[in-house]
Amino acid sequence: MVGSAIVRQLLAQGHPAKQLITRTRAELDLANQAATDWFFASEKPDQVYLAAARVGGIHANSTYPAEFIYSNLMMQANVIHSAFTHGVKKLLFLGSSCIYPRLATQPMAEDALLTGPLEPTNEPYAIAKIAGIKLCESYNRQFGESHGIDYRSVMPTNLYGPGDNYHPEDSHVIPGLIRRFHEADQANAPSVAIWGSGSPRREFLYVDDMAAASVYVMNLPKVRYAQNTQPMLSHINVGSGKEISIKELAEIIRKVVGYEGHITFDPGKPDGAPRKLMNSKRIGLLGWKPRVDLEEGLNLAYADFLRNFRRIAISAHQSSDTTTP
Ligand code: GDP
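In what follows, the accompanying structure is described. Computed from a predicted structure; not experimentally measured.

**Overview of the pattern of salt bridges**
Link 1 in the chain: According to the stated counting rule, one finds 13 salt bridges in the structure shown.
Link 2 in the chain: The shortest N-O distance in the salt bridge between Arg 179 and Glu 183 comes to 3.0 Å. Of this pair, Arg 179 and Glu 183 both sit in helix H6 (residues 173–186), four residues apart, which is roughly one turn of that helix.
Link 3 in the chain: The buried category is assigned to Arg 179, whose relative accessible area is 3%.
Link 4 in the chain: Residue classification places Glu 183 among the partly exposed residues on the basis of a relative accessible area of 35%.
Link 5 in the chain: Between Asp 266 and Lys 269 there is a salt bridge, with the nearest N and O atoms lying 3.6 Å from each other.
Link 6 in the chain: With relative accessibility at 30%, the residue Lys 269 sits in the partly exposed group.
Link 7 in the chain: Each of Arg 201, Glu 243 and Arg 275 takes part in a single network of salt bridges with overlapping partners.

Pasting the structure below:
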């Protein structure tokens, strides 16, 4: 999802398509060190956007903890090390807001990292993402001057939009609810169940805004990035700055889909972290802000879902793997 949005963004900014090197998961398994190294040796890219990850919602994170930690550690270690080995000077690593402690002071600023215990439902994924930030920092610290490398990290809040994973159980809340409300509407079902209590609060960002922020941070002058970060606290939060309860979110999605039945809550499902609002002041001061508000973004996401529904319905039942090279 994010990788495709970054490609859209780069094309929109006038980069010729032939300069963009992409690989699908079927074409290149980034968890395979030899294959990844061969890719870098033969393509010799100048810059790398590392958006590839094994991702999923609260249920997928709890169900596949081994796959979430292993795949993400391997993919990012292989990409970052091979990028370095083959002379890539600029790399942007995409992390996640779940790197912050479960009960971090809200809104969570960059320096909340490693100040407390993580949310258990996604701890393995969060540990991998924290390791990704530390990989970038460690390569910068050891080889920044000698090799002229500059590896940066951005931490997106919960993302949604075109190309999302609409798997009924393994997806994040927005694609999960878009699909559930749509199917309930088609079936004239009297009610739709929302997982958990509906009271957790989340922040959401439309994926094309995240892509714009990624390109913006990649292209910031080195001095400005260095002035606004520290060698061992180098990541930058990217959020919308607005949070909403899951109950309120469900009401908006119900409206966007046009479903007229009731909403119920399933307390048997986990709530996860009570709040996950990031402090995105740093990227604001650096001159970037989001453009798409939640209601507009949800309408765009639902339009994308409808365009692709037949394909989504088949592939979501087949696989929960949402790796986006
Ligand atoms: P999280 O931000 O890591 O907790 O990831 P999710 O996007 O999976 O879940 C966000 C919140 O939405 C949690 O409190 C879930 O319990 C709640 N939620 C409600 N309905 C759903 C659903 O259908 N799918 C998902 N993934 N979460 C849901």
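**Overview of the sheet that holds strand S1 (residues 47–50)**
Link 1 in the chain: The strand order across the open sheet built from four strands is S1-S2-S3-S7, with neighbouring strands paired in parallel fashion. Across the chains shown, the open sheet's two edge strands, defined by having one partner strand only, are S1 and strand S7 (235–238). Here the average twist between neighbouring strands, direction ignored, is 20 degrees.
Link 2 in the chain: Bridge count between strand S2 (residues 90–94) and strand S3 (residues 150–156): five bridges; the pairing is parallel. Residue pairing in the sheet places Leu 94 in a bridge with Val 154 of S3.
Link 3 in the chain: Together, S2, S3 and S7 form the strand contacts of helix H5 (residues 123–147), whose direction differs from that of S3 by roughly 160 degrees.

**With respect to the pairing of S2**
Link 1 in the chain: When you tally the buried positions in S2, you get four out of five residues, the bulk of the element.
Link 2 in the chain: At this point the chain moves from S2, through H5, to the parallel S3, and the crossover so formed is right-handed.

**Focus on the environment of Gln 13**
Link 1 in the chain: Take Gln 13: it is sitting in the loop between helix H1 (2–12) and helix H2 (33–43).
Link 2 in the chain: When the C-alpha atoms of Gln 13 and Ala 212 are compared, they prove to be 9.7 Å apart, with 199 residues separating the residues in sequence.

**Describing unusual backbone geometry**
Peptide bonds are trans in most cases, and residues, glycine excluded, mostly fall at negative phi.
Link 1 in the chain: In this structure, Pro 107 follows Gln 106 across a cis peptide bond, with omega equal to -10 degrees.
Link 2 in the chain: Checked against the element boundaries, Pro 107 lands in the loop between S2 and H5.
Link 3 in the chain: In this structure, Leu 114 takes a positive phi of about 60 degrees despite not being glycine.
Link 4 in the chain: Residue position: Leu 114 is located in the loop between S2 and H5.
Link 5 in the chain: A positive phi angle, close to 55 degrees, is found at Asn 188, a residue other than glycine.
Link 6 in the chain: Tracing the backbone through its elements, the reader meets Asn 188 in the loop between H6 and strand S5 (191–195).

**Here we look at the nonpolar core**
Link 1 in the chain: Counting 37 residues, the largest nonpolar core has Val 48, Leu 91, Tyr 100 and Tyr 151 as the members making the most contacts within it.
Link 2 in the chain: Secondary structure elements with two or more residues in this core: H2, S1, helix H4 (65–85), S2, H5 and S3.
Link 3 in the chain: Top element by residues in this core is H5. It accounts for seven residues.
Link 4 in the chain: In this structure, Leu 159, Val 217, Tyr 225 and Ile 236 belong to the second largest nonpolar core, which totals 27 residues.

Cut-offs applied
- Residues numbered from 1 in each chain as written.
- Predicted model: local features only at pLDDT ≥ 70, side-chain atom pairs only at ≥ 80, totals over all residues.
- Heavy atoms only, no water.
- Salt bridge = Lys/Arg side-chain N within 4 Å of Asp/Glu carboxyl O.
- Helix = DSSP H or I, 4+ residues; strand = E, 2+ residues; numbered from the N terminus.
- Buried < 20%, exposed > 50% of the residue type's maximum accessible area, 1.4 Å probe, protein only.
- Pairing = 2+ DSSP bridges.
- Axes fitted to C-alpha atoms, helices over the stretch in contact; angles between N-to-C directions.
- Contact = heavy atoms within 4.5 Å.
- Right-handed = clockwise from strand over helix to strand, strands pointing away.
- Core = buried A, V, L, I, M, F, W, Y, C linked by side-chain atoms within 4.5 Å.

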